[in-house]
Amino acid sequence: MKIVYFTHSLASCWNHGNAHFLRGVLRELIILGHEVRVLEPDGAWSLRNLLADHGEAGLVPYRTAYPELTSLTFTADADAAALCDGADLVIVHEWNDPALVAAVGRARVQGGRFSLLFHDTHHRAVSDPGAISAFDLSGYDGVLAFGETLATVYRRWGWEDRVFVWHEAADVRLFHPLPGEERRSGAVWIGNWGDGERTKELGSFLFAPARAAGLALDVYGVRYPAEALATLKRHGIAHKGWLPNVRVPATFARHRVTIHVPRRFYVESLPGIPTIRVFEALACGIPLVSAPWSDCEGLFRPGTDFLVARDGAHMTAHLRAVDGDADLRAALVRNGLETIRARHTCAHRARELLAIAAALAGTPTPSSMLEPVR
């Protein structure tokens with residue numbers, strides 16, 4: 001099968017979490033023998049910021065870790081039909097210009113012999129519905145939604161059985177446990193500030209509990225405004241800036257625990273959708289403690305795969321327990337890895353996508369898709 005994916009950027013993960021999952025799942029599709037073409041707009045915002053901050057050296061970690069992957073850039077006046085030429089399946093990510101989204105839809109309607117999917121991995125459907133309504137999806141065969149609650153929104157908009165839940169997952173070829181348990185110490189949080197969507201929660205569930213638990217805390221991420229940096233300084237926390245995603249496993253391996261603080265929209269409006277960091281942390285074998293978050297889809301086993309804190313005091317208690325109890329750490333690592341490897345790898349998602357594509361094309365699911373992922 002020939003698959004064309006229009007992304008915001010494959011090369012840059014600067015404030016672009018979808019790149020994490022996309023890299024892993026596209027590599028799995030290539031390994032399965034499929035032809036993959038990745039297209040990204042010329043001058044993509046994420047890539048521009050990465051190059052401005054780190055130059056070409058900022059791309060070296062990605063290129064080294066994913067030699068199989070390449071992407072082509074296209075300009076605003078590119079011929080969408082030509083870009084999709086020969087494809088069996090075309091996927092367009094929601095972080096693309098509405099004009100591009102519409103042009104690919106027209107190419108499908110005007111004789112394109114491919115199945116066409118819109119891939120939504122954001123909360124804008126509930127936080128900014130107007131931004132999603134700006135997309136002309138009339139030429140699309142279906143929607144890939146990264147959680148059931150988001151899929152429900154699209155069903156309410158009339159997509160019904162043409163919306164498919166396609167969760168993110170961990171690229172376990174890269175995200176896996178590394179040796180050195182005896183040298184691990186302190187806590188780590190990797191995430192962007194969040195545009196005010198979790199400012200209060202970061203103070204209540206991350207900064208204050210880590211200090212109260214006596215744990216040194218390393219914070220990585222971009223787009224931290226002056227007031228955020230001042231908050232870190234007040235808590236005695238060093239901001240370590242952007243971390244290439246391919247270096248996250250080694251960073252996790254230096255720490256005893258990591259914390260999940262979901263954005264408010266994923267707590268209040270789109271419960272059941274974890275961030276990519278939950279999958280990646282469990283895959284790397286680092287104990288995880290989460291701020292309140294409803295796993296209403298049953299993706300994990302809260303309390304078994306990771307701990308959940310009710311409030312700041314409960315978070316402090318959990319952090320102290322994980323830091324001081326080697327048996328608890330070992331159990332969390334073992335359980336988290338078990339769940340990821342059984343259900344949430346990019347290999348699982350690649351096979352799910354191929355089954356969706358087969359259903360859209362009206363063809364039987366290939367027998368290879370029915371075999372368990374090992």
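Placed above this text is the structure.
Residues numbered from 1 in each chain as written. Predicted model: local features only at pLDDT ≥ 70, side-chain atom pairs only at ≥ 80, totals over all residues. Heavy atoms only, no water.

### Let's talk about the packing of helix 1 (residues 18–31) against helix 16 (residues 346–361)
Operational definition: Every axis in this analysis is a line fitted to C-alpha atoms, fitted for helices over the stretch in contact. Angles between the N-to-C directions lie between 0 and 180 degrees. Going along the chain from the N terminus, every DSSP run of H or I of four or more residues is numbered as a helix, and every run of E of two or more is numbered as a strand. Any angle that falls under 35 degrees is termed roughly parallel, while one over 145 is termed roughly antiparallel, one within 65 to 115 roughly perpendicular, and all others oblique. Note on convention: near helix rotated counterclockwise from far helix by under a right angle means a left-handed crossing. Clockwise means right-handed. Contacts are residue-level and defined by heavy atoms, with any inter-residue pair within 4.5 Å sufficient. Classification convention: Asp, Glu, Lys, Arg as charged; Ala, Val, Leu, Ile, Met, Phe, Trp, Tyr, Cys, Pro as nonpolar; all other residues, Gly among them, as polar.
Where helix 1 meets helix 16, the axes come as close as 8 Å, and the angle between the chain directions of the two elements is 70°. One way to sum up the angle between helix 1 and helix 16 is to call them roughly perpendicular. Where helix 1 crosses over helix 16, the handedness of that crossing is right-handed. Across from Phe21, Gly24, Val25, Glu28 and Leu29 in helix 1, the residues of helix 16 making contact are Cys346, Ala347, Arg349, Ala350, Leu353 and Leu354. Considering only residue class, the contact of helix 1 with helix 16 consists of eight nonpolar, one polar and two charged.

### Some remarks on the sheet that holds strand 11 (residues 257–260)
Strand-to-strand pairing in sheets goes through backbone hydrogen bonds, with the strands running parallel or antiparallel. Rules: Note on pairing: DSSP must find at least two bridges between two strands before they are called paired.
Read across the open sheet, the six strands follow the order 10-9-8-11-12-13; overall the sheet is parallel. Whereas interior strands pair on both sides, the edge strands pair on one side only; in this sheet they are strand 10 (238–239) and strand 13 (307–308). The pairing of strand 11 with strand 12 (residues 288–290) spans three bridges and is parallel. Across the sheet, residue Thr258 finds its bridge partner in strand 12, namely Leu288.

### Here we look at the side chain of Asn192
What counts, and what does not: Buried, partly exposed and exposed residues are distinguished by accessible area as a fraction of the type maximum, computed with a 1.4 Å probe on protein chains only: under 20%, between the cut-offs, and over 50%, respectively. Under the rule applied, a polar contact is a pair of N or O atoms within 3.5 Å (in protein, one hydrogen donor and one hydrogen acceptor; residues adjacent in sequence only if both atoms are side-chain atoms).
On the secondary structure map, Asn192 appears in the loop between strand 8 (187–190) and helix 9 (199–212). Asn192 sits in the buried class, given a relative accessible area of 18%. Here Asn15 takes part through its side chain, which lies 2.6 Å from a polar atom of the side chain of Asn192. In terms of polar contacts, Asn192 uses its side chain to reach the backbone amide nitrogen of Val222, at 3.2 Å. Non-local contacts of Asn192, meaning those with residues more than four positions away in its chain, are made with Asn15, Arg198, Gly221, Val222, Tyr224 and Arg263.

### Comments concerning the pairing of strand 4 (residues 89–93)
In terms of residue burial, strand 4 counts as a mostly covered element, since five of its five residues are buried. Along strand 4, one buried face is formed by Leu89, Ile91 and His93 and the opposite face, lined by Val90 and Val92, is buried too. As defined by bridge partners, strand 1 (residues 2–6) adjoins strand 4 across four bridges and the pair is classed as parallel. Bridging across to strand 4, Tyr5 finds its partner in Ile91.

### Side note on the pattern of salt bridges
Where we set the bar: Any carboxyl oxygen of Asp or Glu that lies within 4 Å of a side-chain nitrogen of Lys or Arg is treated as forming a salt bridge with it.
Following the criterion strictly, the structure yields 17 salt bridges and no others. Among the ionic pairs, Arg329 bridges to Glu181, the shortest N-O distance being 3.2 Å. Highlighted residues: Arg329 in helix 15 (residues 326–343) and Glu181 in the loop between strand 7 (163–165) and strand 8, separated in sequence by 148 residues. Judged by its relative accessible area of 7%, Arg329 is buried. Given a relative accessible area of 39%, Glu181 falls into the partly exposed group. Close ionic contact of Asp218 with Lys240 constitutes a salt bridge, the shortest N to O distance being 3.5 Å. Within this pair, whereas Asp218 is found in strand 9 (residues 217–220), its partner Lys240 is found in the loop between strand 10 and helix 11 (248–252), the two being separated by 22 residues in sequence. Look at Asp218 and you get buried, because its relative accessible area is 19%. With a relative accessible area of 41%, Lys240 lands in the partly exposed category. Through salt bridges that share partners, Arg27, Glu68 and Asp171 make up one connected network.

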